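Residue strings, one per chain:
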Amino acid sequence: ILHGKAQGVVAIRPENGVYDYEHKYTAGGSTYEYPACISDSLTKEIQTTTELIFGKCGCRDYARADYIIDSNEKPVFLEINSLPGLTPTSLLPKSVSCNGLSFLELLKTMLSPAVARWTERYGK
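Here's what I pulled together on the structure shown here. Keep in mind the model is a prediction, meaning the values are calculated, not measured.

### Let's talk about the packing of aromatic side chains
Phase 1: Within this structure, the stated rule accounts for three aromatic pairs.
Phase 2: Seen from their ring centres, Tyr21 and Tyr25 are 4.7 Å apart, and the 45° between their planes marks the pair as tilted. A residue pair is termed a helical-turn pair when its members lie 3 or 4 positions apart in one helix, as Tyr21 and Tyr25 do in helix H1 (residues 21–25) at four residues.
Phase 3: Assessed through its relative accessible area of 65%, Tyr21 is described here as exposed.

### Concerning the environment of Lys5
Phase 1: Checked against the element boundaries, Lys5 lands in the segment before strand E1 (11–14).
Phase 2: Judged by its relative accessible area of 48%, Lys5 is partly exposed.
Phase 3: Residues Lys5 and Thr50 lie 45 residues apart in sequence; the distance between their C-alpha atoms is 8.7 Å.

### Here we look at the nonpolar core
Phase 1: Judged by nonpolar contacts, Val9, Ala11, Ala36, Leu42, Ile46, Ile53, Ala65 and Tyr67 together constitute the single largest core of eight residues.
Phase 2: Elements with a contribution of two residues or more to this core: helix H2 (40–56) and strand E3 (64–69).
Phase 3: With three residues, H2 is the single largest residue contributor to this core.
Phase 4: The residues touching Ala65, leaving out its near neighbours within four places in the chain, are Thr50, Phe77, Glu79 and Ile80.

### Looking at a nonpolar patch on the surface
Phase 1: Side chains of Ile68, Val76 and Leu78 sit close together on the surface and give an oily, nonpolar patch of about 250 Å² of accessible area.
Phase 2: Inspection of the secondary structure assignment puts Leu78 in strand E4 (residues 75–81).

### Quick word on the layout of surface pockets
A water-sized probe rolled over the atoms picks out the places where empty space is left.
Phase 1: The computed volume of the largest pocket comes to approximately 820 Å³.
Phase 2: As for the largest pocket, its lining consists of 29 residues, and the residues nearest its centre are Val10, Ala11, Ile12, Asp66 and Tyr67.
Phase 3: For the lining of the largest pocket, the secondary structure elements donating two or more residues are E1, H2, E3 and helix H3 (91–97).
Phase 4: Considering each element in turn, the lining of the largest pocket owes the most residues, six residues, to E3.
Phase 5: In the lining of the largest pocket, the residues fall into 19 nonpolar, five polar and five charged.

### Structural notes on the state of the cysteines
Phase 1: For the structure on display, the rule yields zero disulfides.
Phase 2: Between Cys37, a free cysteine, and Cys98, which holds the nearest cysteine sulfur, the sulfur-to-sulfur gap is 10 Å.
Phase 3: Judged by its relative accessible area of 63%, Cys37 falls in the exposed class.
Phase 4: Looking at Cys57, it has no disulfide partner, and the nearest cysteine sulfur is the one in Cys59, 5.1 Å off.

### Things to note about the pairing of E4
Phase 1: The pairing of E3 with E4 spans six bridges and is classified as antiparallel. The partner of Ala65 across the bridge, within E4, is Ile80.
Phase 2: Counting the residues in the hairpin turn of E3 and E4 gives five residues, including Glu73, whose phi is positive at 65°.

Reading guide: rules and limits
Residues numbered from 1 in each chain as written. Predicted model: local features only at pLDDT ≥ 70, side-chain atom pairs only at ≥ 80, totals over all residues. Heavy atoms only, no water. Phe/Tyr/Trp six-rings, centres within 6.5 Å; stacked < 30°, edge-to-face > 60°. Helix = DSSP H or I, 4+ residues; strand = E, 2+ residues; numbered from the N terminus. Buried < 20%, exposed > 50% of the residue type's maximum accessible area, 1.4 Å probe, protein only. Core = buried A, V, L, I, M, F, W, Y, C linked by side-chain atoms within 4.5 Å. Contact = heavy atoms within 4.5 Å. Patch = residues over 30% accessible without salt bridge, like charges linked within 9 Å, V, L, I, M, F, W, Y side chains within 5 Å. Areas by Shrake-Rupley, 256 points an atom, 1.4 Å probe, with all protein chains shown as cover. Salt bridge = Lys/Arg side-chain N within 4 Å of Asp/Glu carboxyl O. 1 Å grid on protein atoms, 1.4 Å probe; cavity = no way out; pocket = protein on both sides within 12 Å on 5 of 7 lines; lining within 4 Å. Points joined across faces, edges and corners; volume = space filled by probe spheres on them. Nonpolar A, V, L, I, M, F, W, Y, C, P; charged D, E, K, R; others polar. Disulfide = S-S within 2.5 Å. Pairing = 2+ DSSP bridges.

Here's what the structure looks like:
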């Protein structure tokens, strides 16, 4: 989510089928598909649900939502992360790249609302 708008869906394929700490934070421990190779309707369902959850949780600016797709191809919401990582294996940069944003553009877009709030409150 970036400014309340869902970004691209990222699929995670851990090398041994378990997405544990090692497979999450070790380069090459998982394969990522972005955008995920899922149906347009499933993508839209995930994005719509994520936007609703973002709003209901009172999030602002950006977040990452995690899901598992069950055996019936239904998304099961796991969590919303209001401070997602920005490492080389992080998912938010992969997600926004589906919409053509570079890492630098992501950072600028993430920071712009905070700068605006600061300026409104304190000036300059």
